[in-house]
Amino acid sequence: MSRALPLLAAVLVLSCGEDATGPVGSLCATQHGLEVCVDRPEYEPRESIAVTSRNVSGAPIFKDSCATKAVGVTNLEVEFEEFYNPTLHCGRGATRADIVERMVALEPGDSTQDTVTVPFFAFQGWYRVNVWILDAEGNLAEETPAASGVFQIFPSVGE
């Protein structure tokens, strides 16, 4: 049985949200003027996720490189985590200066690609990648992240 069918069902359920836009079955979603895409519909633990973020707004966007994270749920009736944690990639002692130094400025139409690694202990479920948007001073520009379309993580066949 194909694992793509549950993914399609997940995307159908989640594509009705009022903040996200994107075609049914899309691995991309757009919030706050930032389109966030992942490269595949399925991953296994320890695999890399290529995440492309593209500014589709008419103004510059500052993307936080410290807090980009794959978040998951095992039940699609539960909300995805939207907790901002800049120490995730910038270290426990990350300061505002560290965050500003590592943020990426995207002019309208510009894009950037990051890699997020699926942890070896990732549970089987539905995931998306959260990308936080900052202002020029390094403060959160939005209370919620821009997020990718939904994808799935399955345990390795050999595990």
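Structure's up top.
Residues numbered from 1 in each chain as written. Predicted model: local features only at pLDDT ≥ 70, side-chain atom pairs only at ≥ 80, totals over all residues. Heavy atoms only, no water.

Enquirer: Quick rundown of the overall build of the chain? Include the residues and the values.
Expert: Counting its secondary structure elements, the chain contains 3 helices and 12 strands. Buried positions account for 40% of the 159 residues belonging to the chain. Here the contacts in the chain between residues at least 6 apart in sequence split such that 67% fall between residues at least 24 apart. In the structure as shown, the chain presents an accessible area of about 8,400 Å², 54% of it carried by carbon and sulfur atoms. (Helix = DSSP H or I, 4+ residues; strand = E, 2+ residues; numbered from the N terminus. Buried < 20%, exposed > 50% of the residue type's maximum accessible area, 1.4 Å probe, protein only. Contact = heavy atoms within 4.5 Å. Areas by Shrake-Rupley, 256 points an atom, 1.4 Å probe, with all protein chains shown as cover.)

Enquirer: Which residues make up the sheet that holds strand 4 (residues 48-55), and what values go with them?
Expert: Judged by pairing direction, the sheet is antiparallel, and its 4 strands sit side by side in the order 1-2-4-8 without closing on themselves. Here the strands that pair on one side only, and so sit at the sheet edges, are strand 1 (28-31) and strand 8 (111-117). Across the sheet, the mean angle separating the axes of adjacent strands is 20° when strand polarity is ignored. Of the strand pairs in this sheet, strand 1 and strand 2 (residues 34-38) are connected by 4 bridges, and their pairing is antiparallel. Across the sheet, the residue bridging to glutamine 31 is leucine 34, located in strand 2. (Pairing = 2+ DSSP bridges. Axes fitted to C-alpha atoms, helices over the stretch in contact; angles between N-to-C directions.)

Enquirer: Kindly report on the nonpolar core, identifying the contributing residues and their values.
Expert: Residues Leu34, Val38, Ile49, Val129 and Phe151 are the most contacted members of the largest nonpolar core, which totals 19 residues. Here leucine 34 is in contact with Ala29, Ser53, Arg54, Asn55, Val56, Ile61, Leu106, Val131, Ile133 and Ala146, once residues within four sequence places are set aside. Of all hydrophobic cores here, the second largest spans 6 residues; its members include Val71, Phe80, Trp126 and Val150. (Core = buried A, V, L, I, M, F, W, Y, C linked by side-chain atoms within 4.5 Å.)

Enquirer: Which residues make up the state of the cysteines, and what values go with them?
Expert: On inspection of all chains with the given rule, the structure shows 2 disulfides. Sulfur-sulfur distance for the disulfide between cysteine 28 and cysteine 37 comes to 2.0 Å. Measuring handedness by torsion sign, the sulfur bridge of cysteine 28 and cysteine 37 sits at about 115° and is right-handed. Residue cysteine 28 is classed as partly exposed on the basis of its relative accessible area of 24%. The exposure class assigned to cysteine 37 is buried, which follows from its relative accessible area of 12%. One disulfide in the model links cysteine 66 with cysteine 90; its S-S distance is 1.8 Å. (Disulfide = S-S within 2.5 Å.)

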